[in-house]
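A structural walkthrough
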Amino acid sequence: GINAEYGKEKKKKNMVHIHQAHHLGLDYGANPARISHYHLDLGESCVKWILFALNFVISLAGLLTAGLGVYVATAASSYEEFFGSSSISLSYVFIGSGILICLIGFLGCCGAMRHSTFMLLMYFIFVLMMFMVQIAAIITILVFKDEVKDQIKDAASTKLGQYGDPTKDDIATGPLDVVQAGLSCCGIEDGPVEWSSESSKATYWIRTHDNDVPDSCCVTETTNCGKNEAKATPDPAVVFTEGCETALYDYLTDNLLLIGGLGVSVAFLELFGLCGAFMLRRAILHGY
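Note that the coordinates shown come from a computational prediction; the quantities given were computed from them, not determined experimentally. (Residues numbered from 1 in each chain as written. Predicted model: local features only at pLDDT ≥ 70, side-chain atom pairs only at ≥ 80, totals over all residues. Heavy atoms only, no water.)

Quick look at the pattern of salt bridges
Quick reminder of the rule: For this analysis, a salt bridge means a side-chain nitrogen from Lys or Arg found within 4 Å of a carboxyl oxygen belonging to Asp or Glu. The helix count covers DSSP runs of H or I at least four residues long, the strand count covers runs of E at least two residues long, and both are numbered beginning at the N terminus. Exposure classes here rest on a 1.4 Å probe applied to the protein chains alone. A residue is buried below 20% of its type maximum, exposed above 50%, and partly exposed in between.
This structure, assessed with the given rule, holds five salt bridges. Among the salt bridges present, the one from D190 reaches K201, with a minimum N-O distance of 3.6 Å. Of this pair, D190 sits in the loop between α6 (169-183) and α7 (244-285) while K201 sits in the loop between α6 and α7, and the two are eleven residues apart along the sequence. With a shortest N-O distance of 2.8 Å, E194 and K201 are connected by a salt bridge. Accessibility expressed as a relative area gives 32% for K201, which makes it partly exposed. Taken together, the shared-partner salt bridges in this structure form one network comprising K153, E189, D190, E194 and K201.

Below, the structure written as structure tokens:
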């Protein structure tokens, strides 16, 4: 009777330990009593808090990445006629990855504080996957920025030839005015001279304007402010002198490289997160 009573009491305690182990995310198999002796030494406690702080920073960086992605997508949408939809789609990729990075960082914080081996394992797997995605995205940016220049040139040259045509307001005149006024540029490659009859690039515009540039090329935009400024040496106090091809390319690549640089920084932090999660989970599983 005494042995049976003792066996029941021992079994009851083991069940309590198993419940505690599951609550903490630990896996002690046939030796649940080890949970009662679980603790971390000073060095491992430092790893835990460093991992928590690291993932807090990673979460903030994820929010910043998503915010920059929203900014680039919103700002670049005004110039989508020139960049194409691929550049906008790339911004959405960064928005999504930024949100995921934030959630993964939160998972890492929870796993570290709760000593949950399951959370730490999931964190390790997700961070490893996100790290590979970020490397692929950074490579895509480097490749994309070289290809987009030709795309900008082709789209802008077509719109320059159609500029001023009443039937092309939505696809040529309007978008080119937005770019010239917004990015402080004029023409495509060579500046204001491209609007002249000598250049013959603005095929529709030169039918009704003799050596004039559109008002959107003016530093201070007023009616007919660009009259007689379609020349090789225009007055820089009156009209913008840089071609829009360079301005568009610099605008897009600067913003994408800014996001890419942040992505590299986050990826670097994630490497430390992977090491910290591995060390902390290993310490927990080896029975303190």
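Having seen the model, we can carry on.
Some thoughts on the state of the cysteines
Definition in use: By convention in this document, the label disulfide applies to cysteine sulfur atom pairs within 2.5 Å.
Counted by the stated rule, this structure contains three disulfides. A sulfur-sulfur separation of 2.1 Å characterises the disulfide bridge that pairs C186 with C217. Where C186 bonds to C217 through sulfur, the torsion about that S-S bond is close to 90 degrees, and the disulfide is right-handed. In this pair, C186 is assigned in the loop between α6 and α7 and C217 in the loop between α6 and α7, connecting sequence segments 31 residues apart. The same class applies to C186 as to C217, namely buried. Each sulfur of the disulfide joining C218 and C225 lies 2.1 Å from the other. Linking C218 and C225, the disulfide has an S-S dihedral of approximately 110 degrees and is accordingly described as right-handed. The two residues C218 and C225 agree in class, both being buried.

Let's talk about the packing of α6 against α7
What counts is decided by this rule: Comment: axis = line fitted to C-alpha atoms, over the contacting stretch for helices; angle = value between 0 and 180 degrees taken between N-to-C directions. Comment on the angle field: the value is read as roughly parallel under 35 degrees, roughly antiparallel over 145, roughly perpendicular from 65 to 115, and oblique elsewhere. Note on contacts: a residue pair qualifies if any of its non-hydrogen atoms lie within 4.5 Å across the two residues. Three residue categories are used. Nonpolar comprises Ala, Val, Leu, Ile, Met, Phe, Trp, Tyr, Cys and Pro, charged comprises Asp, Glu, Lys and Arg, and polar comprises the others, including Gly.
Packing of α6 against α7 brings their axes to within 10 Å, and their N-to-C directions diverge by 75 degrees. In this view, α6 runs roughly perpendicular relative to α7, as classed from their interaxial angle. On α7, the residues touching V179, Q180 and L183 of α6 are C244, A247, L248 and Y251. Across the contact of α6 with α7, the residue classes tally to six nonpolar, one polar and no charged.

Here we look at unusual backbone geometry
Positive phi, normally seen in glycine, also occurs at S184, with a value near 55 degrees. Tracing the backbone through its elements, the reader meets S184 in the loop between α6 and α7. Overall, the relative accessible area of 36% leaves S184 in the partly exposed class. If you check the backbone angles, N224 has positive phi at about 60 degrees while not being a glycine. Assignment of secondary structure puts N224 in the loop between α6 and α7. Exposure remark for N224: the relative accessible area of 56% places this residue in the exposed category.

Quick notes on α6
Inspection of α6 places A172, T173, P175, L176, V179, Q180 and L183 among the buried residues, and these make up the whole buried set. Where α6 ends, the next residue or the one after it, S184, has phi of about 55 degrees, a positive value.

Considering the environment of A156
Looking at the secondary structure, you find A156 in helix α5 (residues 117-162). Note on A156: relative accessible area 1%, which makes it buried. With 23 residues separating them in the primary sequence, A156 and V179 have C-alpha atoms 9.9 Å apart. When neighbours within four sequence positions are excluded, A156 is seen to be in contact with F82 and I188.

Brief notes about the side chain of E270
Short version of the rule: None of His or the chain ends enter the tally, which takes Lys and Arg as positive and Asp and Glu as negative.
Considering the arrangement of structural elements, one finds E270 in helix α7. We note that E270 is buried and unpaired, the nearest opposite charge coming from R281 at a distance of 18 Å. Discounting chain neighbours no more than four positions away, the residues touching E270 are I58, I101, V127, M130, F131 and Q134.

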